[in-house]
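# A structural walkthrough
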Amino acid sequence: MQRSSDPEKEAEKVRAAFSASIHKILPQTVRNLVIGFSGGPDSSALLDLCVRELSGSGISITAVYVHHGISVHAGEWEDFARQRAEELHVRFESCHVEVRKKQRTSLEAEARELRYGVLAPYVPDRSTALVTAHHLDDLAETVLLALKRGSGVRGLAAMGPVQDFSGGFIVRPLLSVTKSELLGYLNANGITFVTDESNFDTDYDRNFLRLRILPLLTERWGGFRQSLKRTSEICAESSELLDEVAEEDLAGAVNPATGGLIIERLSALSPVRRRNALRWFYFRKGSAAPSFSFLQTVFDEVALAGADRTPELRWEGGIAVRYMGELYNISSCPAEPQDFTAGKDFERRI
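Only a predicted model underlies this, so the values are computations on that prediction, with no experimental measurement involved.

## Let's talk about the sheet that holds strand β4 (residues 128-131)
The strand order across the open sheet formed by six strands is β3-β2-β1-β4-β6-β5, and the pairing between neighbours is mixed. For this open sheet the edge positions go to β3 (91-96) and β5 (162-165), each flanked by a neighbour on one side alone. The mean angle between the axes of side-by-side strands here comes to 30 degrees, regardless of whether they run parallel or antiparallel. Relative to β3, strand β2 (residues 60-67) runs parallel, the two being bridged by six bridges. The residue of β3 that forms the bridge with His 67 is His 96. Helix α2 (residues 41-54) rests against β1 (32-36), β2 and β4 of the sheet, and its axis sits at about 160 degrees to β1. Relative to the sheet, helix α3 (residues 74-87) contacts β2 and β3, its axis offset from that of β2 by approximately 170 degrees.

This is the structure we're talking about:
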């Protein structure tokens, strides 16, 4: 990534963008910020900005380094992050996790899941927010990955500036800032950072997009990243609207005594609204957003199975079952989630 030719100008732009964003999106209840601090360029810029902008505000800042153990340099990076936090007079914490690649799960996805898992206890209530250094390039990559996976509007909504996380919030104040602008900020302020060699491995999908695809797209269309950001924002609104419709439909379809989804009432909905209601129902019950194929299968082969059968469908969010005319989700994820893509068999019991 080429650095800005005018770092002072870029630094001022970054400072102004961060200041406007953090004061706009940070919930009023928040008095404690937790920053996932790797020592890399993005989180180094974020930590410096938080200290500069929020100094004297009464808001405490904690930098947390997550040691994944993937790189042989992880220990050195941890020492670097601790030293930088001390220089800025910021509380420092370190957590160690062991990343083991699971079937059908990428190493980067597993590391990300573990990272958020160990950061969650640091955000116990509404007085605390996890602040991440996600920027405009990250958002663009996430939208493109969602397109690659065939995600719906929820996936294309990518990442919002503020969302619920653990007991508190997750905030992303740098979504309007590009990677090159962050590098300009670091350069202008003489801020050093570590470089993760895995960021240049194009075997990882995100790196492939970042290093090969996005540069071509932005060279052809200069405002491409901003267009993806607008698309993400529109999809976020659409997703919110669909959730509201699903809540209305589920209000009359969920049995308040059992929590089960009444199949007879579900069948009365149009196919589009039925899938939308099912998607929201299983999304709330499970740990993953269900695919289109899953939604079709759970209705056709679980909900509508013969009365003498006891069907089950295993998916990433648990086990979908039918009992006494109602649909449920058992929140015990199978060891190997099944693939519901067209033409694939899935584990079921009829």
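## Points about the packing of helix α1 (residues 7-25) against helix α7 (residues 179-188)
Packed helix pairs are specified by the crossing angle of their axes together with the interaxial distance, meaning the distance between the axes. Where α1 meets α7, the closest approach of the two axes is 7 Å, and the angle between their N-to-C directions is 110 degrees. Here α1 lies roughly perpendicular to α7, going by the angle between them. The way α1 lies across α7 gives a crossing that is left-handed. Here Pro 7, Glu 8, Glu 10, Ala 11, Lys 13, Val 14 and Arg 15 of α1 lie close against α7, whose contacting residues are Glu 181, Leu 182, Gly 184, Tyr 185, Asn 187 and Ala 188. Its residues assigned to classes, the contact of α1 with α7 comprises six nonpolar, two polar and five charged.

Quick notes on the rules
- Every chain is numbered independently, its residues counted from 1 as its sequence is written.
- Totals for whole chains, interfaces and linings use all residues, but because this is a predicted model, local features are given only for residues with pLDDT of at least 70 and pairs of side-chain atoms are given and counted only at 80 or more.
- Computation of side-chain values: all heavy atoms of the structure, hydrogens and water removed.
- The pairing criterion for strands is at least two bridges between them, as found by DSSP.
- Secondary structure elements follow DSSP: runs of H or I no shorter than four residues count as helices, runs of E no shorter than two count as strands, and numbering proceeds from the N terminus.
- Here an axis means a line fitted to C-alpha atoms, over the contact stretch when the element is a helix, while the angle between two N-to-C directions is reported on a 0 to 180 degree scale.
- Note on definitions: a residue-residue contact is assigned when non-hydrogen atoms from the two residues lie within 4.5 Å.
- These descriptions rest on fixed angle ranges, namely under 35 degrees for roughly parallel, over 145 for roughly antiparallel, 65 to 115 for roughly perpendicular, and the rest for oblique.
- Two helices crossing with the near one rotated counterclockwise from the far one by less than a right angle form a left-handed crossing, whereas a clockwise rotation gives a right-handed crossing.
- Each residue is assigned to one of three groups, with Ala, Val, Leu, Ile, Met, Phe, Trp, Tyr, Cys and Pro labelled nonpolar, Asp, Glu, Lys and Arg labelled charged, and all others, Gly among them, labelled polar.

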